Amino acid sequence: ALVTGRACGAFQAFSQFVKAKEVPAAARCSAGGEGVRWRCCRQAFEELSGIHRHVALQHAGDIGQQAGLAAKQAAAEVSSSSGPAPAGSADGLHGCSHGSPEISCVLPDTSHVSYDDLTSKVGEVLLYYCYCEVKDPEKLCAWQKALCQHLHLTGKVRVASEGINGTVGGSKVAANLYIQVMLSQPLFKGILRQEDFKSSAGGAHCFPDLRVGVFKEIVPMGIDPKIVSYKETGIHLSPQEFHREVEQYLSQANQGQSNTILLDCRNFYESKIGHFQGCLAPDIRKFSYFPSYIDENLELFKDKRVLMYCTGGIRCERGSAYLRSKAVCREVYQLKGGIHKYLEEFPDGFYRGKLFVFDDRYAICSNEDIISACRYCGTLWDQYKLCSSQHCRQLVLTCPSCCNKGLTACCPVCQEKELKVTSRASGQTLKEECECTRRRPRVPIERVSQRMLDAGK
């Protein structure tokens, strides 16, 4: 009976997978001919045997995952319904009342949506996170992968026992369906809300692929979430409240009376092209260096009110918790929803320049200010490119004029290595630290006088 049940589950998962790849009848002509009935992996199939063969050969792992999830869910339902009703439960169907809710593995019905609408290049990029207790991260990860594939979404999703953090891109229809399904997920019920999703113009083309994985942290700070928990976070301020605080801070700082520090929790290359006026922007390359930065500069924060901000709010959740654990600040506040939400309400407010994003767009714009310069000639410029040297993955600001001169690497060392690698034409890609990385202190110590601290500068 157990073998039969597993076989039925696999068959059902296979059928659902094939069904999800079906091209709606109304869209078959525009999708490449009336005979095209299924599309998968950028291939068109007219015969049922063709799509069956493709799915069996290329997606056996996905089918197995879905079948396994379905079997676990069915077993949980059987166990819940056959056992005695738990204390405080009216019927015996809510056996998880003492812990986190079960993860639903349901995929949305897309039969009413045309293939063109589902895969349109005119779309959105969503940014979100949700801290909550996840008892089975692997199951949530498998569902997320299946959901994103089902909706033709690309991007990056991190899952951990402390929650989920994602940025995905796709058509507007797919993005809306994704939000609806996420909000209906029992695991996130009452925690994740519509306003927690930050949206910007983009699409699936903004990411090279889809990456979904299980990690220890949903944002890599490098400290066990059990030691520094998101539950110990700072006080959340709405964009309006944060705007008023920054306005007051700048006014007092100009008069030399501020006891507040406006702290940017992002990496140096992010704050380089856009930041709040009057902020302290640490010269760090990774968020995992942030705790060490705090440790090395504790005196800076002593008896201060700290206003923290980051792109979407998630780094402030852990960053503010870490700063509060040091018990040196008077108060720690953070911008709810991050710069993303602030710019929705104050596009021409105290944040100047562009907002760096971790996808192929590199930045999104809300005002016309350019606050950074070309690495070579000093002309105002804020459009990043990857260093042209194969061995390096650093970002570089180089204007069109300098690009035309062949100045496309992040530093002279990379520029020279690029010529050597190109002349060898070996095709081998190396990854090593270059001059830019070596000369930057891993954790900078702020050289700020007491007079400047008192002035809030």
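Rules used in this analysis
Residues numbered from 1 in each chain as written. Predicted model: local features only at pLDDT ≥ 70, side-chain atom pairs only at ≥ 80, totals over all residues. Heavy atoms only, no water. pLDDT = per-residue confidence, 0-100. Contact = heavy atoms within 4.5 Å. Pairing = 2+ DSSP bridges. Helix = DSSP H or I, 4+ residues; strand = E, 2+ residues; numbered from the N terminus. Axes fitted to C-alpha atoms, helices over the stretch in contact; angles between N-to-C directions. Salt bridge = Lys/Arg side-chain N within 4 Å of Asp/Glu carboxyl O. Buried < 20%, exposed > 50% of the residue type's maximum accessible area, 1.4 Å probe, protein only. Core = buried A, V, L, I, M, F, W, Y, C linked by side-chain atoms within 4.5 Å.

Draft legend 1. Main features of the confidence of the model for the protein. Taken over all residues, the pLDDT of the protein has a mean of 84, while the share at 70 or more is 79%. In this model, residues 80-98 is a region of pLDDT below 50 whose contacts with residues beyond four sequence positions or in other chains number 13 contacts.

Draft legend 2. A look at the sheet that holds strand β12 (residues 331-335). What the 4 strands build is an open sheet, ordered β8-β12-β11-β9; its pairing is parallel. With partners counted over all chains shown, the strands left at the sheet margins are β8 (235-237) and β9 (260-264), one partner each. Strand-to-strand, the axes of this sheet are offset by a mean angle of 25°, without reference to chain direction.

Draft legend 3. Just the sheet that holds strand β3 (residues 123-131), in detail. An order of β6-β3-β5-β4-β7 is seen for the 5 strands of this open sheet, with the pairing classed as mixed. In the strand order of this sheet, the two ends are held by β6 (198-202) and β7 (210-214), each with one partner. Direction aside, neighbouring strands of the sheet carry axes that sit 10° apart on average. Across 7 bridges, strand β4 (residues 154-160) lies against strand β5 (residues 163-171) in antiparallel orientation. Residue pairing in the sheet places K156 in a bridge with T167 of β5. Along the sheet face, helix α6 (residues 172-184) touches β3 and β5 and points at about 15° away from the line of β3. Most of the contacts of helix α11 (residues 314-325) go to β3, to which it runs at about 25°, and overall it touches β3 and β5.

Draft legend 4. Representation of the pattern of salt bridges in the model. A full pass over the atoms with the stated rule returns 17 salt bridges. Here K139 and E102 are joined by a salt bridge, their closest N and O atoms 3.4 Å apart. One end of the pair, K139, is in helix α5 (residues 137-150); the other, E102, is in the loop between α3 (60-82) and α4 (115-118), with 37 residues separating them in the sequence. For K139, a relative accessible area of 5% puts it in the buried group. Exposure remark for E102: the relative accessible area of 40% places this residue in the partly exposed category.

Draft legend 5. How the structure looks around the side chain of S271. Inspection of the secondary structure assignment puts S271 in helix α8 (residues 268-271). A relative accessible area of 6% means that S271 is categorised as buried. If we skip the residues at most four places from it in the chain, S271 touches D264, R266, A281 and I371.

Draft legend 6. Just the nonpolar core, in detail. Ranked by size, the top nonpolar core spans 33 residues in total, and within it L263, F290, Y293, F301, M308 and L323 carry the most contacts. For this core, the secondary-structure elements that each account for two or more residues are β3, β9, α9 (290-296), α10 (298-301), β11 (305-309) and α11. In terms of residue count, the dominant contributor to this core is α11 (5 residues). Once residues within four sequence positions are removed from consideration, F290 is found in contact with L263, C265, I284, M308 and G319. Residues C105, L126, V157 and F197 belong to the second largest nonpolar core, which totals 31 residues.

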